[in-house]
Structures are given as C-alpha cells and as structure tokens.
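Each chain, letter by letter, is given below.
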4 protein chains.
Amino acid sequence: MSTSMSVISAPGAADSLATSLRRVRQRTVALAAPLSAEDACVQSMPDASPAKWHLAHTSWFFEHFVLAEHAPGYAAFHPRFEYLFNSYYYTVGQMHLRPRRGLVTRPSLEEILAYRAHVDAALERLLGDGDLPPEPAGRVTLGMHHEQQHQELLLTDIKHLFAQSPLLPAYTELLPPAATEAEPQRWIRGKPGITEIGHDGSGFAFDNETPRHRALLGEHMLASRPVSNAEFREFIADGGYSTPALWLSDGWSTVLAEGWDRPLYWQEDLEQEFTLGGLQAIDPAAPVTHLSYFEADAFARWAGCRLPTESEWEAAASTVPVAGNFADSRALHPRPAATGASELQQVYGDTWEWTASPYSAYPGFRPLAGSLGEYNGKFMCGQMVLRGGSCATPAGHVRPSYRNFFYPVQRWQFSGMRLARDGT
Amino acid sequence: MSTSMSVISAPGAADSLATSLRRVRQRTVALAAPLSAEDACVQSMPDASPAKWHLAHTSWFFEHFVLAEHAPGYAAFHPRFEYLFNSYYYTVGQMHLRPRRGLVTRPSLEEILAYRAHVDAALERLLGDGDLPPEPAGRVTLGMHHEQQHQELLLTDIKHLFAQSPLLPAYTELLPPAATEAEPQRWIRGKPGITEIGHDGSGFAFDNETPRHRALLGEHMLASRPVSNAEFREFIADGGYSTPALWLSDGWSTVLAEGWDRPLYWQEDLEQEFTLGGLQAIDPAAPVTHLSYFEADAFARWAGCRLPTESEWEAAASTVPVAGNFADSRALHPRPAATGASELQQVYGDTWEWTASPYSAYPGFRPLAGSLGEYNGKFMCGQMVLRGGSCATPAGHVRPSYRNFFYPVQRWQFSGMRLARDGT
Amino acid sequence: MSTSMSVISAPGAADSLATSLRRVRQRTVALAAPLSAEDACVQSMPDASPAKWHLAHTSWFFEHFVLAEHAPGYAAFHPRFEYLFNSYYYTVGQMHLRPRRGLVTRPSLEEILAYRAHVDAALERLLGDGDLPPEPAGRVTLGMHHEQQHQELLLTDIKHLFAQSPLLPAYTELLPPAATEAEPQRWIRGKPGITEIGHDGSGFAFDNETPRHRALLGEHMLASRPVSNAEFREFIADGGYSTPALWLSDGWSTVLAEGWDRPLYWQEDLEQEFTLGGLQAIDPAAPVTHLSYFEADAFARWAGCRLPTESEWEAAASTVPVAGNFADSRALHPRPAATGASELQQVYGDTWEWTASPYSAYPGFRPLAGSLGEYNGKFMCGQMVLRGGSCATPAGHVRPSYRNFFYPVQRWQFSGMRLARDGT
Amino acid sequence: MSTSMSVISAPGAADSLATSLRRVRQRTVALAAPLSAEDACVQSMPDASPAKWHLAHTSWFFEHFVLAEHAPGYAAFHPRFEYLFNSYYYTVGQMHLRPRRGLVTRPSLEEILAYRAHVDAALERLLGDGDLPPEPAGRVTLGMHHEQQHQELLLTDIKHLFAQSPLLPAYTELLPPAATEAEPQRWIRGKPGITEIGHDGSGFAFDNETPRHRALLGEHMLASRPVSNAEFREFIADGGYSTPALWLSDGWSTVLAEGWDRPLYWQEDLEQEFTLGGLQAIDPAAPVTHLSYFEADAFARWAGCRLPTESEWEAAASTVPVAGNFADSRALHPRPAATGASELQQVYGDTWEWTASPYSAYPGFRPLAGSLGEYNGKFMCGQMVLRGGSCATPAGHVRPSYRNFFYPVQRWQFSGMRLARDGT
C-alpha cells in the first residue's frame, strides 16, 4: 500500500465493503431511473455532463483504477470506453473532449447499463473472497466516494438540462413545502486561537482534506443559519444587482455580461423558481441556493458582513452532528430550518455554503500517487471552497473536513451561504 | 386563392393528394426508424437539427399553415409546440432558438410520434371529403415538398451526428460498391444564346424557381459527369489545400482557420470515408461529395476550368430525364456513373452540384404571401445555388428548375461539382 | 506585355504618366496632412487600416510591382517592409496580419513619409526617360488607381476612428449645408433588352470590369435620385428596424445581434450625425449614407421597390456625364441633389449605391496574371456590388463600368442606395 | 481624517510632500520621453494601456481625489476627461471602456502633457502653503504611490507593444550584461511558528497590506535566489511544457490553447529574448522572468518543490534590506545575483516572485472609504500574490508587506519565482 494511498482507509471487512459498494452502485442507477434515454444523453452546457456519461464514467473509474490492475483476467467491456469515459486524467491518456460528451448517442443508455452490470459483476468477483488487500480496497472505497460525487452532479446537471426546456419538466415530485417561518438569524461566537483543521484520519477522506494541520482563528461570529430566500429578496429589492460598489470586479463584469438580476432558476417575478419538481413557489424561509460566489460575496457586503473562512467553518462544524436535509430525504430542495434550535443550524445538507477561502493546498499537502493524483490537486487554482453538502448530496458523503470547490462564477450547484463577521 | 399561391399547383383530385401526403408522411417516420430516441434527440452543431425536431417541425408546418386556418375545430396538440417547432417564421411569432433544439429531451420521441399521428388524423379528415379548395390544397402540396426537404436534412444531420462519435456508428447497411471504373470525363457543348429559365408552371415549384424568364448564355461546355473522388485526390496530391492562389479569399481563410485538408468525412489516410453505412473505402470512380463551395471553386481553378452557372446547368438539365441515384435507391451514397453513356450523366441524384451562381431573386420574383413568404426569399444573400439533388433526396422531389442553396462554407450536405468552361 | 495586362491601358506619353503619378502621390500625402502621428497610427477595427499603413502600402505596391521588376538597381527602403506592407497577396509571401496593422508604432509616420519619398524618387527616375514600355507603364497606371482607392479608404477609416473617440473630433471643416429641399423622386424608365455591359477598352479599367459582354434587361424603372435622409427617417419611424418581414434573414440576425436601429454615425436623436467635420445636423434632403446592404435592401422592400441590378445601373449610368460631388469638391459628405434637373441625378459621387447584384465574375473573366491576379478576383464571393463613387472618391477615379464591392454587413463606407422597380 | 484613510500616513511636512510629489510626477514624464506620440497612443492588448493613458489617468487621480475636493476653485482641464481617464471606479461614474483606451488619438500626447502641467500647477498651489490637513495629504501620498504603480505598468505595457512590431524596436539602450555565473541555489531555513504579517503602520501602505495580523508558519525552506534562466531552460529541455502531470488543470488548458512552450518574449531558439533594449541574448545566470503563475507552479512541481506562501515570503523578506535592481538602476532587466552573498538574494527588484497565495483579504481587512475603496479590495478574487518588486519598479515603492497581484494566466509583468519546500 503506497503512502499516498494511506488517506483512503479501507473498511474492516471485505464483506461490508462489497455491501456498501453494491448500495452505492445501485443508487446511481436508481437516480437515473426517472430519466428517459433522451434525458440521459443530452449535455446542456460544457460544465454539465449527460446522466449517461455519469453512469459510464463512474464505471470506468472502477474498471481503470481497480479491475485493470487488480482483477487478473478482467476483460474490458469495450476497447474505446477507456477513451470515451475518462474524464480528465491526462496521465491515463487522451480523452473525449468534455464539451462533446453530449454528442455520444451510441452507446445507448441500455448499453451503458450493461456496461455497469459487467463492471459490477467483476467487482463482485473481486470482492467476493473477502480478502482484498489494502491497496485495491482503498481504491474501491475511493471509487464509491467518487461515485457519490457524481450522484450529486447527475442531479444538478439534470436540473440544468430540464431548465433549458420551454416545457420545464419535473424530474420527480417534491415533498410539499413546510409551513414554517424562518427563525431569526442569531450570531454564534466562534472560538479564536489555534485550531486543528483537516481530516483526522478516522475513516475515508479525499487527499485534499489532508494533512491535518494547525490554523489560527481570530475573534469571529457565525450566523446561526444560512441566508434565506426572503433575505436575498431584500438584497434584490435594495438594488443589490445594480450597485457596483457591492461587487468584486470580476463579479460586476459578470453581472453586466450575463444580465444577472436574480439567482439561477428564480423566475422573473421573484415568486417562483425552477426545481427538480418543476416550477414551485419560492419558500421565503428556506435557504437561498444556486448563488455564484460573486452573489454570495455581494450579499455579505451588502449585509455588512463577510463569508466565513473554511477554517472558521470547519471548527464550528466539527461541534455539530453530520445530519441534515441530504438527498436521501428526497426533498431534493433546501427546506427551512427547524424552529427552536439553539445552536448552528443546517450546517450540513440543504445547500453548500460558499466560504471566503480560495481552494488551495493545505500545508504539506501531497496528492495521491500516480494518475489518481489528478483527482483533486490540479484544480487548486481559481476556485473557491464550499462546505457542508446539500439536498443533493448523498447522506454519509460529507464530513466536517470535506472540501468542495467551484469557480466563483458557477451557480448550477446547490450553492448558498452563511454569514460571518469579525469580533465578539 | 391568392396570387402568390399560384405557384403551388394543386394535384387534380383530393384523393390522390391524400395518398401522396400519406406516403410522404410515412416515409419521414420510416427514415427515423433506425434511430434510437437518443439519436433522434441530439443536435451536433447549430446548422443541424435533431431528427425529432424534423419530425415535429414538419408536422407543425401542416398544423400552422393548413389545419389552423382550414380545419374548423382543429385543436392544437400542445400549446407550446407553436413556439417549440416554428423554425424561422418571425412573422408567425417568437421561436425556440435554433442552437437550442437539441436541449429538448421532453417531449420525447414517442410523444412527437403521437403528435404526428394527431396531425395526420386531422389532415385525413380534412382531405377525406375529396373537395379541398385550391388554397388549402396548395398548402398541403407545399407541406409535402417541405417535408421532403427535411427528409434529406434528417439524413445529412444524422450523418453529421454519427460522425461525432468516436465509435462511428452506421445508420444503415449500404449496398456493396459497384465494381466500375469512372468513365473518362468528356466535354459536352452547351447551347449559347437566349434560353428560358425557371419553372414552366406545370406541377409544383417553390416560389424561388419563378418567374420563368429569359437568360443569355455564352459559348460554354459542361463536363459529362461530376468530378470523381480519384480526380479530387489528385488535387490534394498536387498541394491543392496549400496553394493560396487557387482559393477565394474567404475560402483560404477557412482553410487556415479550420485546418481543412480534405473533404468532410474523408479520413486522414484519404482511403476511407465516413458514410451512412459507417466507415467505407472511398470509391475512386464515384463523384466526390461533401465539398464546400470554396473547395469546389478551388478545384475548378486548379483544373483550369470553372463551375457552371445555374442557367447553363438548367438549360442542359432540361434535356435529360429526371432520374438517378436518389434516396429511394437506398444507396445513400454517390455511386459511379454508368459506363457507355453518350450524354450528360448523373445530372440528377448522387450529389448536389455547386454552381457559380449566388442565390438571388429571379427578375420579377415575388415571394409567397404572408408568413410563407419567409420560406425562400429571405435567404437570398450570401448563399450559392446547388442543383440536381443527391443520393439523399427523395425521388420525385427535384426538377430542372429546382434551386437548392447553402453558404459557401457549408459542406455537410451531399455537395459536389461538375466542371464547366468557356468556348466550344 | 502579357495578355492579362491588356486591360491596363497605358497613357499615350510617359511624360503625362509621370505628371499624373506625381499628382496622385502628392494627394495621398495631402489627405493625411490634417492627421497627427497618433491619428495616422491607430486602427479602429479589423476592417479598417491606419492612415500610415495606407501611406506605406500604396508605396509598397509600386516598390513590389514596378520598381523591383523594372527599375534595375533599385534598393528596397527597408528589408521588412515587404512583410509589413503587403496587404493580401499570398503569392508574394507571408504578411503582417491585418488586425495587427495598428500595433506598428514604429516605423513612425515620419519614416513612412521618407519611405514614400524614396519610392517617389525611384519612380521619377524610372519615368524620367519618357520611354517606359507598356508593361511597367500599365503597372504604374494600376498603382495610381490602386492608390486612389486607398485615398477613399483613408478617409472612411479616419472617420471610423474619430467616431470611436468620446470627443468626436473633426478631420476638417465642412462646407456649410446647402439650403435646398430634396427634389421629389421621379421614376425614369430603363431600356429593356440586350445591352452591352463592362469596360469598353478605352482608358484604364480594373480586370473585374472585363470582358465587355451582353446582358439582358427586363422592363424596369430607376429612381431619379438616391434615397434621402428624410425618406430613411420615415422608414425608421414606421418601425423599419423592428419588422422582421422587411429583412433578409442574415440582415435580421445582424439587427438583433448588433442592436442596429439607425444608420452608422446617426446619433440616437436621429437629428445629428457624425461626419468628417464632426457632429452635424442631418440634412433631410441629402442622400442617406453609411447603410449596410441589409438596410438598403430592407428599405427597398418597405418602399415596395427593389435595388437595381448592376447591369440596369450601368446601362443608365452610361448615358450620364461622370460628374458629381467627389472628394475634390471638399464637401466630404453627401449633399442634396441640384433642383430642376430632368434626368438621373447624383449617379456619380455623393454616395455609393448598393445594387442587388452579388459580386461575381463576368462571363469570360480572366484575372490579371501573377500576383496581381489576387487584386480583385479572389473576392468574388459573399460581397455585393456598389456603383457610382462617393463624396470620398477622387474625381476621375470612377466610370460607368466601375465595380466596388463590400460585404452586406459593412457600412463604414459612404454607401447608400437608389430605388428601382419592375415594369414601365 | 477618516478611519479608513489612516493607512495612508502623510509625511511630516507639506514641503517634503511637495518635493516628493514633484519628483514622482516628473519621473513619469521622463519615462515617456523615449516614446513617440504613436508609441504613447497604441494599446497592444486589453490588459495593457497606452502610455498616454497612464500619463492622463495618474493626473485624473489627483484631479478627482484631491483637487476636486480639496482645492477650492479648481477648474477641471476638460469636462470629458472624468469619463475618459477614470480607470475602474464605478462609484465615480461611467468610464471609457478599457479595451478602447487605444482608440483615443485625440487628445494628443501634447495635450495630455498640458493636462499634466495644469494638474501639477494646481497641486503646487495646494501644497504651497505647507499646511495641508491629513486627509488631503494622505490622498496626495496615495496618488504618488498610485503613480509609481503606473510607472511600472507604463514600462511593461510598452515592452508588450514593442514586442508586437515585426521590427522589435528598443525602448532604450540596456546596460551590458554582467559576466557572472549564477550562484548555486542554497536552501535557507524559514522560522516556523506564529509571526506577524502585514504593514506595521510606519510610513505608507496600501489598504490591502492591513491590518497587521498573526500568521502561523510550518517548517519550511526558501531558496537563496530566484530561479535562473538556465534552470528554466532545463525544465523546457526535460519536456516541461508537454507533461500534463506537472500542470494545474487551468494551466494545462492554457498551454494547449495558447501553444505556450517558453516564457513570454523568449525567441524560438531559446537563446534570445525581447527586452526593453530590443533582442538580447538570454543571460543564463539571470532570474527567469515573464512567467505566468501556471508556469512558475509547474516548474516548482517539476523541481520537487513548491512556491512560498506570502507569509513565508514576508517573514523572510522582513529580515533583508529593501534594496536591489529597481528601475532606478536603469538596467530595466533582471540581472544575475551578486556572488558570494551568504543570505537571501534578490528578494527585492529584478523580478516579482509569484507566491502560492491567492490574493485575499487579511483577517479584519477594511477597504478605504468611498470610491478609493475600489482601489484594491474588489480584485480579491481569482488572482495570485506576487512579492518583492522588479527591475521596472521604482526604488522606494515596495516594502516587505507590499502585495502585488495578477491573474495566474498573465505574464507580461516582470514575474518570476523563488522555490520553497517543507521541512528543515
């Protein structure tokens, strides 16, 4: 087992790994079940991928990183899939270009499901003995967490695709909205001084969460809950989108170039928004989502506050159970915070929270060895860290040290914000 | 019946119109039969449209221009289809933007086929009485010819789509290549002096073929057959794609910008080409196709010749029966000319022939009245005329006066060339 | 003297050629006199060139095509100028890219004037003997006409540049506007039947005006004068720019993409326009100018008319003296027609007139031999013919057969229109 | 004096402020002295500005932020200059768009120099009394430092402009190269633990250097000198530009899209580079410069090292005198380190050093009040910090806490790198 692999902790028994794997693999297929072959094939923008591609790429990941190396005699399903379904691993070889993923009508969805079955069968055989060494076991574990990431992308990509259709179709039926009002936002004091940040080594983590290291926090306060739709509506009403002084320079250029005047998926009337359940009334008490970093940052400035750093966020989040409105709740949309809570609310689930932290390497960071080193490290430039997971994140996927990252201009993820400020 | 409609001659009896219509409508569905729902949904470039869109738009054409006006009580299949499936009739209303046609995964292919059935049933009812007045009868006829145009586009668009896939799938199985050699090209003298050009009023024609008018031809010669693949290979071998003096200025810019060095669909080895039957050996004796106007013009200059004008072409083509390798032959690819013929060969079918004529209005041209006036006239700028039909054109669709038109840069149609020269 | 050179008729005596040449060369320098070194250096768009480049390129033309071949012992002024000041003659060699012409601050304007003097001196020596053979004499003549074309471009390019400055500076002081009203437009009958078109061989012509050939004209009428500003204002007031049915498809796309709602240089109030004399009141009686072909075509459709073909135009223009408001009048802006005239007015000068004719080769056209063959022929695609010259054209430069050509989208030239219609 | 202004410490006496100001203002004019009016007018890319614009904008800065508010009766030089020469202060009002700065040929260079004189005279009057209150005094000081930044940009922008000319002109004559070899690079241990970072309040600083705050450093080493040209040549020879595993994802995309294979201004032979003195041999011992962040980062990865964080850099730089090869040395190009030194070399001057730190707000950062708040804060996204100044930086302009910032893709500044690594 290579040093660089040590961050992937294999579960205790191959049996339970096989069970977990099976559950994850089946879940991806289940998420694609409401989709027609057409829905699964089309790519709505270069940032997004077709559902069929997610189904295939997550299988390729196991095929390339596990089966090809660790399953003697494994026969690849198709000789060109290595090219077609490699995402961005240049050290693996040339790949089909990302903006062209939606042009691949053949192989069909059906064939891709057969591809999945082929890979699953080989994985079952490999894991069947119950005696998988740490290196391949670690890679299987990585593949499961990798697949969970694509489960979330599958949902956000389908949402984006359906939003392009003039008919605004629904992916699924949503739960009825909760009839609550948002709790007033309160300020909760963060602990200043030196804190430990990063993954502590118990259980799985991506390489970018390591190594655990010390960070220095100043006096600061965090909002008790994310910013709500009602609050964001106030920002709009107050001319937020037409006040350059509130915006980062690149943000203001984007506002002008794209004509932004509201969150992605909000309708012009600011009353309805497009959801995975089709057009729905905007719930004023629910956390605002589908914000770019630029919008989150502008809102914070307007509110006289700032965004939390990822260290501040992680220090606070470590004190809270990892529970919330994840994809497994089937809400598939942020919901208002429960009332009457006394502590930090909605830290996990509902909506990712933009932090003030650019996505960079932790001190002493070492990427995984080999091609897997391309997984996270090479994106450490130009992107911002988001924390906490969303209503589209599989339960069990995130943890306090989990670092998500997107470009400041992107907003098709479930991305919202929590306010922070200096002082006590 | 409005004056502007007079160019559409309705067949003698509503019965036979109903039969013709049924045949055309069924043929479109048959052409789409080899396609999966995914194949039918994706758009490979802004110039192309999804097969599903072709299926829907041709139905919308009847719905809007025939049923809505002439079938009392007709209920539109879906209120948004007027928006979704209008192509470019601005006077009808706003429309879904062309480059976004491929984003519409819903309605599904199945729903579009139901839409077609709905429209077909209404058309059957309308035509059932056998007593359709000239105006709606003329519009039904126009709709049939319109649909035939989309049948050809459906094939060329699918070919383009399949060419984007690294797997290079086949739409159908092609006939085995003919084992012939190309006839030597001979020069056939064209008749100089004043000739009559344009549609003579017997049977259907598009408005852009009218009015019939006099044109003045000089002394000229036409090649007995189109340029062959073998001949075009000589042009390449002689450095045709790297000799700026052979090219129009805009053509040379395109060669540099796009890196063109061979016809579309030819493989790098110049031995194979992508066809509707997948990768096939290039038949040296068959007409070269998938050329842009720029390439056809450069080849002609290299050969010391020129392209024919559309008047020269039409004058000659009027002396030849309208027969050839059309889509009905199921070759779906150009084939070598028959040997031993003494006259002009392959005037019709196999490959469209670029002419030297910019697509302009004939003297005295009047577009159809109303929104149908947008059908042809508004494209009379920047495009070049092609004549004769191709292996993807339905038999019976073209005639000597038929004017096809594309931008000089486009080459995803079956577009080739025939040489011409001055003198005797 | 090569056959292809025969279209360039050398003047009778070398003496008078030297005198003409001197006059043309001095005029270019005089046109640049009001410009600062900065004005002469900057390029406002890829279509335009810096005045300094015009000064240099016209000298390079003589250097390359006359002195290098016909002046034994001529020493090039600078070894890199062949690269820097070649415009588009690929057969001559690589060239500095057009959009980068404005980046060349050195050589300075002063050095370019020295370059001109160097070339002029060599030309004087060459022409001094009075015994120049026809071939070089023809090339000198071509160079003079070439330089006159750049004199007009120098003015239109400077106008475009100055229009980019928020200070809207003036190139020169304009004449006061004439206090006339526009004559009512009358219809003048054109002569139908076969006519001779193209240059008749007496005096100089460009290759694209040849060969003289027969053309067939139908019954048609031409407007007595160009469309006026007042008339174009009516088109705007009637919603011309927001009525898609009036526009060619590519024209309407341009209107939407560029936000066009008035001629280039008209101010938003439709009362003032930017001229070579700075901001001026729009003279309602003067011909409208700075129209694209798309706008001219849309206006004609709105007026229930059409544009003349170039054959119709030339047939009529041949009956009228070549006189008008050329650059030598120093008005440098279109002026109202004289009142009381009974025949065609403003055929020459004031504003170029868009015709309905795509720029193509005449039957039997042969470009000049060698690199000079790139002068005109390679642009015969995608452009439209304009006729008659403008207020920026040097007097003596145009003739009835003169063919100017621009893309239908371009409008920084002095380009307007005259109406035509079918019938009698 | 507002709180937010407190970071601008006014010098002790107005007299000395006037003297300093005069010196800075004269220096800008002196830097432009080798430029022709043409050189000073043209803009070579949207990132760069014309020298004339730098001359004007720095004057506008004093006009708007000092004279308009603090010099009663001051008359603006020209009413449109507020629009023309505002750079990016949206809260001040609309501005001439950055990519159009090069289109302004009028006002001329001469007029801009008159504008400068007008502003200088008013500033002299204002400062003449020797009794300027802290607020305007602080703004004058800020304006001086602002002008020094533009002095550096003027040089890098001119270098970029001259590099576009096929003639590769020289701005000035450079010093002859030093005949030294590069010292071997040694590792110097940085001090781990908590350190104080940011400006300490003595003398001037920009707002982005504040507030001074604690930072936590791990065990680390810094290279004794910047990476040399010879070392960078090894990276190229080893296939650095064709090894995707060495690059950040966005960096690799840039390499492919731009065809990068060497530092900006290096010639294809890797032997010569374009400098402010024209083409020169690359000095192997001199620091490499004109690297993007992507190239610096890739080099560091190739070398098995990393870039220093800005805290590491600042902690080390604080121990070293602020001296080096600044613009005042007139070398205007990086030069080899002096030999025999035992400590950190070339920390200041020669070439800016990319750090691993994204440009963000320090904890507790507050931008200046009012429009001056747009100076620095709004750029805190997507850019990387550079430290130490360069051969184009005015002596006296930088300090240990000085933070420069550019996008990772930019490389027209004098930007190089120093290696760092973890451990001891």
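These numbers were taken from a predicted model, which means no experiment stands behind them.

So, how was this worked out
Residues numbered from 1 in each chain as written. Chains lettered and ligands numbered in written order. Predicted model: local features only at pLDDT ≥ 70, side-chain atom pairs only at ≥ 80, totals over all residues. Heavy atoms only, no water. Helix = DSSP H or I, 4+ residues; strand = E, 2+ residues; numbered from the N terminus. Buried < 20%, exposed > 50% of the residue type's maximum accessible area, 1.4 Å probe, protein only. Polar contact = N/O pair within 3.5 Å; in protein donor to acceptor, adjacent residues only side chain to side chain. Contact = heavy atoms within 4.5 Å. Buried area = accessible area lost by both parts, 1.4 Å probe. Salt bridge = Lys/Arg side-chain N within 4 Å of Asp/Glu carboxyl O. Nonpolar A, V, L, I, M, F, W, Y, C, P; charged D, E, K, R; others polar. Least-squares fit on C-alpha atoms with pLDDT ≥ 70 in both. Axes fitted to C-alpha atoms, helices over the stretch in contact; angles between N-to-C directions. Parallel < 35°, antiparallel > 145°, perpendicular 65-115°, else oblique. Left-handed = near helix turned anticlockwise from the far one by under 90°.

Draft legend 1. Up close: the environment of C:Asp422. Residue and element names in this part refer to chain C. Of note, Asp422 is situated in strand S13 (residues 420-422). Residue Asp422 is classed as partly exposed on the basis of its relative accessible area of 38%. Along the sequence, Asp422 and Met221 sit 201 residues apart, while their C-alpha atoms lie 6.2 Å from each other. At 3.0 Å, the side chain of Asp422 forms a polar contact with the side chain of Arg306.

Draft legend 2. Main features of the interface of chain C and chain B. Contacts between chain C and chain B engage 26 residues on the former and 26 residues on the latter. Together, C:Tyr90, C:Leu216 and C:Cys381 form the three largest contributors to the area buried by chain C at its contact with chain B, with a combined 26%. Taken together, the links from chain C to chain B amount to 0 salt bridges. At the surface where chain C touches chain B, the tally comes to 4 residue pairs in polar contact (both at pLDDT 80 or more). Sorting the residues of the side of chain C that touches chain B by element identifies strand S3 (213-217), helix H7 (249-258) and helix H8 (293-302) of chain C as the ones contributing at least two each. Residues that form the side of chain C that touches chain B fall into these classes: 17 nonpolar, 5 polar and 4 charged.

Draft legend 3. Structural view of the side chain of C:His96. As for its placement among the helices and strands, C:His96 is situated in the loop between helix H3 (81-84) and helix H4 (109-128). On the basis of relative accessibility, which here comes to 4%, the residue C:His96 falls in the buried class. Within the local environment of C:His96, its side chain forms a polar contact with the backbone oxygen of C:Arg100, the two atoms lying 3.1 Å apart. With near-sequence residues (within four places) excluded, C:His96 lies in contact with C:Tyr83, C:Leu84, C:Arg101, C:Val104, D:Gln164 and D:Pro166.

Draft legend 4. Summary view of the environment of C:Leu175. All names here are of chain C. Tracing the sequence through the fold places Leu175 in the loop between helix H5 (134-164) and strand S1 (187-189). Accessibility expressed as a relative area gives 42% for Leu175, which makes it partly exposed. Other than its neighbours up to four places away in sequence, Leu175 contacts Ser329, Arg330, Ala331 and Arg335.

Draft legend 5. Highlighting the relation of the copies chain C and chain D. Mapping chain C onto chain D leaves a residual RMSD of 0.0 Å; the transformation is a rotation of 180° accompanied by 0.0 Å of translation along its axis. In the structure described here, the two chain copies are related by an operation that fits a two-fold rotation axis. When each C-alpha of chain C is compared by its distance to the rotation axis, C:Glu38 comes out closest, at 2.4 Å.

Draft legend 6. Examining unusual backbone geometry more closely. Look at the link from C:Arg106 to C:Pro107: it is a cis peptide, with omega at 10°. Along the chain, C:Pro107 turns up in the loop between H3 and H4. Omega for the peptide link from D:Thr210 to D:Pro211 comes to -5°, which places this bond in the cis form. Within the element layout of this structure, D:Pro211 appears in the loop between strand S2 (193-197) and strand S3 (213-217). Of note, B:Gln346 is a non-glycine position whose phi angle comes to about 55°, a positive value. Examined against the element boundaries, B:Gln346 turns out to sit in the loop between strand S7 (324-325) and strand S8 (348-349). One non-glycine residue with positive phi stands out, namely C:Leu168, at about 45°. Examined against the element boundaries, C:Leu168 turns out to sit in the loop between H5 and S1. Accessibility expressed as a relative area gives 25% for C:Leu168, which makes it partly exposed.

Draft legend 7. Summary view of the relation of the copies chain C and chain B. Under the fitted operation, chain C is carried onto chain B by 0.0 Å of movement along the axis and a turn of 180°, and the coordinates agree to an RMSD of 0.0 Å. Both copies present the same face, since 100% of the interface residues in chain C are matched by interface residues at the equivalent positions in chain B.

Draft legend 8. Region of interest: the packing of helix H3 (residues 51-70) of chain A against helix H5 (residues 109-128) of chain A. Residue and element names in this part refer to chain A. In the contact formed by H3 and H5, the axes pass within 9 Å of each other and the chain directions differ by 30°. By the angle between their axes, H3 is roughly parallel relative to H5. Once H3 is placed against H5, the crossing between them reads as left-handed. Here Lys52, Leu55, Ala56, Thr58, Ser59, Trp60, Phe62, Glu63, Val66, Leu67 and His70 of H3 lie close against H5, whose contacting residues are Leu109, Ile112, Leu113, Tyr115, Arg116, Val119, Ala122, Leu123 and Leu126.

Draft legend 9. Here's a closer look at the arrangement of the chains. At their nearest point, the C-alpha atoms of chain A and chain C are still 14 Å apart, with no contact between the two. The least C-alpha distance between chain B and chain D, which are not in contact, is 14 Å.

Draft legend 10. Examining the interface of chain C and chain D more closely. Across the boundary between the two partners, chain C contributes 33 residues, which contact 32 residues of chain D. Area buried by chain C at its contact with chain D is led by C:Glu38, C:Arg106 and C:Leu167, which between them contribute 31% of it. A salt bridge links C:Glu38 to D:Lys52; its shortest N-O distance comes to 3.0 Å. Summed over the shared surface of chain C and chain D, the number is 14 residue pairs in polar contact (both at pLDDT 80 or more). Listing elements by their share of the side of chain C that touches chain D, those giving two or more residues are H3 and H5 of chain C. Across the side of chain C that touches chain D, the residue classes tally to 18 nonpolar, 9 polar and 6 charged.

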